[in-house]
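Close look at the chain arrangement
Each chain, written out:
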Amino acid sequence: MPENNTVAVTSLEKKFGNFTAVNRINFEVSGGEIFGFLGPNGAGKSTTIRMLCGIISPTSGSGKVGGFDIIKEQGKIKQNIGYMSQRFSLYDDLTVEENIDFYSGIYRVPKDEKQARKEKIIGLAGLEAFRHRLTSTLSGGWKQRLALGCAIIHKPKIIFLDEPTSGVDPITRNNFWAIIKDMARNGITVFVTTHYMDEAENCGRMALIYKGSIIAMGTPEEMKTKIMKNTVLDIRVAKGEDWLDKIETLKGVEEAALFGVSIHAVVKDERAAIDAIKDIFKRSGLKDYKVTKIKATLEDVFVSLIEDYDKEHDESKKS
Amino acid sequence: MFERIFSILKKEFLQIFRDPRMRSIIFLSPLIQVMIFGYAATMDIDHVPTAVYDLDNTKQSRDLLREFSYSKYFEFKYYLSSLEELRDVIDRSKVFGVIKFDRGFARDVIGNKSAELQLILDGTDSNAASIILGYAGQIVGNYNYRALKERARALVGNEISSIPMVDLRDRRWFNENLESKNYYLPGVISLIVTLMSLLLTSMAIVREKEIGTMEQLVVSPITPFELILGKLTPFAIIALMQVTLITIVGVLWFHIPIRGSLVLLFFSTLVYLLTSLGIGLFISTISATQQEAMMSVFLYNFPSILLSGFAYPIADMPKVIQYVTLFNPLRYYLVIVRSIFLKGIGIYYLWQPILILFVMGLTIITLSSLRFRKSLG
Ligand SMILES: Nc1ncnc2c1ncn2[C@@H]1O[C@H](COP(=O)(O)OP(=O)(O)OP(=O)(O)O)[C@@H](O)[C@H]1O
Ligand SMILES: [Mg+2]
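Only a predicted model underlies this, so the values are computations on that prediction, with no experimental measurement involved.

This part is about the domain arrangement of chain A. Residue and element names in this part refer to chain A. Domain annotation for chain A reports domain 1 (7-218) and domain 2 (225-318). Computed from C-alpha coordinates alone, the two centres of domain 1 and domain 2 are separated by 36 Å. Along the contact surface separating domain 1 from domain 2 lie one salt bridge. Taking the shortest distance from any N to any O, the salt bridge between Asp310 and Lys211 comes out at 3.3 Å. Summed over the shared surface of domain 1 and domain 2, the result is two residue pairs in polar contact (both at pLDDT 80 or more). Mapped onto the side of domain 1 that touches domain 2, the elements with two or more residues apiece are β9 (205-210) and β10 (213-218). Per-element accounting of the side of domain 1 that touches domain 2 gives the leading share, four residues, to β10. For the side of domain 1 that touches domain 2, the residue count by class is ten nonpolar, one polar and two charged.

Below, the structure written as structure tokens:
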């Protein structure tokens, strides 16, 4: 079956009372892809994942996971997916091995494979030294690795990871992404949410969800070039913090923020903005400055997309 | 299917027995309750604190009083001299009963009238009161018998071996000495089984909701049926262990008779568990936190004990309440357990309450399971 590790949703919607948590979203994920689902807190990421995994039912719309309908064929979906929830959800009062054994029993991993898979997961997560430790005594990063291990014990074709790297140090995060990429290389489809924008670079494709709506979708490259309509300027100047307010209030500057030793300004019209910035420096007699156009980071892209969205919707509300 | 249930079962046992608090709740609390009922419940029936109000103060009245004080049941604490005092000792619960002779008691005994003696009892504990009344009746009966014999001898002039008269010996069956521990200890079994199965089941399920593992299980291929079975079986096994423990302590330590069949005891316990585990499951569907679950358990448990006949006989309750008790599973289980211990009767006599429990249990567990399945989705 060509579609046994794909995900596709059409017009998927979830309402909690009057509040729309997910607003008629559409997307497709192909097999073996790492699909990033990005968005700030409360955007609707977890709600979407919970609908795809059959934990909650959509208010309207439809979707398929691994070729099975998310409303009518939840039972068939379950054997084929892995799910790591945003909250740590293993048994604290069981040891590392006992947790693995438990899930391997629940998923009915064949008897003769049990031991080998357990060892593989312990190795993958680097938990060799902790196998008999109570899970409650593990630190955050180790717990997350164990949770990931338990979520893939049954070799799912599609795996849903809801903020797997929240509260995890940068080294463990890298290690996590190495595991995720490895899984994708082996043909597993990975659907991962995060609000660490820098992590999004690891995704093959991504969607940006905000206030329940998908406001952009594409590869990291597309996001930074085609989708990003604004330009990012890098402004090097002494005492940048003193200039920040002035630059931010300039006409044509969408947003400005300190970035290490320089100021990053997101602007609509590149030429006009550069002139305006140079102008204020000149007027105060400053000579030692440098304004260059730089490639936008994903974070820049998301911030400006979200600001654009907010502006548009504020205006449409007013009129 | 079996493998999944077994996984949950194993996990549940690991968790329960790893937790020292859990271990003591499961094994220590039944022992403590057995001790309390075993020791405390024996004291109230003999050496009942009693006051005497003897307005007659004659040889005859003192003779009869001596009969009372010689029996181990009554212990004279006060000798009263006015009605106010009488009211006072009863109101303040200084005594459980007062024996009162009116003036003219001796005159009536000697003359051929029937003489009167009053026994005033504190009816707050109606069970105990009726038992004490029984003792008093026996003592007075013996006194009458002897008095009659003496009178006959006086008439005939020599000793007669017997007088043809109906000798009503108030022989109590099943619990001959009316030892209340025999009555209460088997009851403790039913209380422990109820409380533990309600509490452990509902808390174990709600805890998974609280920590988020329930969501992980919902995403797995496990069916609600397997989940329920895996979750409830461990607590059924624990309940049976507790029944065994209480029975052993009751029989070996407190010498409670066990006249009926142990197999029947375990079998009926299993049937009863259908109801209490089912209610525990139901409570888990209406509670979001373990604290809420615990509150609901106590909210159910308390009236269920009150309306079971454990402490107050159902026959003494108002008619309406008596009908309400018909819906209380504990009522039937209590009858079964007490009957097995004290009467030693078998399934031939007990099939009716067992069948009622079975029907109730099946209904409750089916409805709770349906609700549970809905609450997962
Ligand atoms: N069961 C629920 N009942 C009511 N509102 C809910 C429920 N679950 C989620 N919401 C609301 O829906 C919105 C989206 O929630 P969701 O958990 O999907 O966000 P998220 O993108 O995962 O955010 P985060 O990064 O904080 O995890 C939030 O405003 C949340 O308060
Ligand atoms: Mg979330």
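Structure shown, so let's carry the discussion forward.
What follows is about the coordination of the magnesium ion (ligand 2). The coordination sphere of the magnesium ion (ligand 2) contains the protein donors Ser46 of chain A (OG) and Gln86 of chain A (OE1), at a distance range of 1.9 to 2.1 Å. One end of the pair, Ser46 of chain A, is in helix α1 (residues 45-52); the other, Gln86 of chain A, is in the loop between β6 (81-84) and α3 (96-106), and 40 residues separate them in sequence.

The subject of this paragraph is the sheet that holds β10 of chain A. All names here are of chain A. The strand order across the open sheet built from six strands is β6-β7-β8-β3-β9-β10, with neighbouring strands paired in mixed fashion. Of all strands in the sheet, those with a lone pairing partner are β6 and β10, marking the two edges. Taking each pair of neighbouring strands and ignoring which way they run, the sheet shows an average axis angle of 15°. Across five bridges, the pairing between strand β3 (residues 34-38) and strand β8 (residues 189-194) is parallel. What sits directly across from Gly36, in β8, is Val192. The strands touched by helix α6 (residues 170-185) are β3, β6, β7 (158-162) and β8; relative to β3, the strand with the most contacts, the crossing angle is about 130°.

Residues and elements named next belong to chain A. In terms of burial, β7 is largely enclosed, as five of its five residues are buried. A two-sided burial pattern is seen for β7, the buried positions comprising Ile158, Phe160 and Asp162 on one face and Ile159 and Leu161 on the other. Across four bridges, the pairing between β6 and β7 is parallel. Looking at the pairing, Gly82 lines up with Ile159 of β7. The sheet contact formed by β7 and β8 spans five bridges and is parallel. Bridging from a neighbouring strand, Leu161 pairs with Val192 of β8. You can see the chain leave β7, run along α6 and come back into β8, and the turn it takes is right-handed.

A few words on α3 of chain A. Judged by how many residues are buried, α3 of chain A sits mostly within the fold: ten of eleven residues are covered. When α3 of chain A is considered as a whole, its buried residues turn out to be Val96, Glu97, Glu98, Asn99, Ile100, Phe102, Tyr103, Ser104, Gly105 and Ile106 of chain A. Buried residues in α3 of chain A make contact with α4 (111-125) and α5 (140-151) of chain A together with α1 (2-18) and α8 (213-219) of chain B. One or two steps after α3 of chain A, the chain reaches Arg108 of chain A, where phi turns positive at roughly 50°.

Looking now at the interface of chain B and chain A. Across the boundary between the two partners, chain B contributes 26 residues, which contact 29 residues of chain A. Our count for the contact surface shared by chain B and chain A stands at four salt bridges. At the surface where chain B touches chain A, the tally comes to 13 residue pairs in polar contact (both at pLDDT 80 or more). The leading source of residues in the side of chain B that touches chain A is α1 of chain B, at eight residues. A per-class count over the side of chain B that touches chain A returns ten nonpolar, seven polar and nine charged.

This brings us to the domain arrangement of chain B. Annotation of chain B at the domain level lists domain 1 (23-41 + 179-376) and domain 2 (48-162). Here the C-alpha centre of domain 2 of chain B lies 45 Å away from the C-alpha centre of domain 1 of chain B.

Residues and elements named next belong to chain A. Under the counting rule described, the total for this entry stands at 38 salt bridges over all chains. As a salt-bridge pair, Arg24 and Glu13 come within 3.7 Å of each other at their nearest N and O atoms. With Arg24 in strand β2 (residues 19-29) and Glu13 in strand β1 (residues 7-16), the pair connects residues that are eleven residues apart, well separated along the chain. Salt bridges sharing partners connect three or more residues here, namely Glu97, Asp101, Lys118, Glu119 and Arg131.

With that out of the way, let us pick up the side chain of Ser202 of chain B. Residue and element names in this part refer to chain B. Tracing the backbone through its elements, the reader meets Ser202 in helix α7 (residues 180-211). With a relative accessible area of 0%, Ser202 lands in the buried category. Within the structure, Ser202 has its side chain in polar contact with the backbone oxygen of Leu199 (distance 3.3 Å). Apart from residues lying up to four places away in sequence, Ser202 is in contact with Gly280, Ile283, Ser284, Ala293 and Val297.

All names here are of chain A. Taken together, 14 residues lie around ligand 1, and Gly42, Lys45, Ser46, Thr47 and Gln86 are the ones closest in. A distance of 3.2 Å separates an oxygen atom of ligand 1 from a polar atom in the backbone of Ala43. With the chains in place, 62% of the 630 Å² that ligand 1 exposes on its own is no longer accessible. Among the elements of the structure, β2 and α1 are those that each provide at least two residues to the shell around ligand 1. Looking at the shell around ligand 1 residue by residue, the class counts come to five nonpolar, seven polar and two charged.

Cut-off values and rules
- Residues numbered from 1 in each chain as written.
- Chains lettered and ligands numbered in written order.
- Predicted model: local features only at pLDDT ≥ 70, side-chain atom pairs only at ≥ 80, totals over all residues.
- Heavy atoms only, no water.
- Domains from an automatic or database assignment.
- Salt bridge = Lys/Arg side-chain N within 4 Å of Asp/Glu carboxyl O.
- Polar contact = N/O pair within 3.5 Å; in protein donor to acceptor, adjacent residues only side chain to side chain.
- Helix = DSSP H or I, 4+ residues; strand = E, 2+ residues; numbered from the N terminus.
- Nonpolar A, V, L, I, M, F, W, Y, C, P; charged D, E, K, R; others polar.
- Donors = N, O, S within 2.8 Å, 3.2 Å for Na, K, Ca; no water.
- Pairing = 2+ DSSP bridges.
- Axes fitted to C-alpha atoms, helices over the stretch in contact; angles between N-to-C directions.
- Contact = heavy atoms within 4.5 Å.
- Buried < 20%, exposed > 50% of the residue type's maximum accessible area, 1.4 Å probe, protein only.
- Right-handed = clockwise from strand over helix to strand, strands pointing away.
- Near = heavy atom within 4 Å.
- Areas by Shrake-Rupley, 256 points an atom, 1.4 Å probe, with all protein chains shown as cover.

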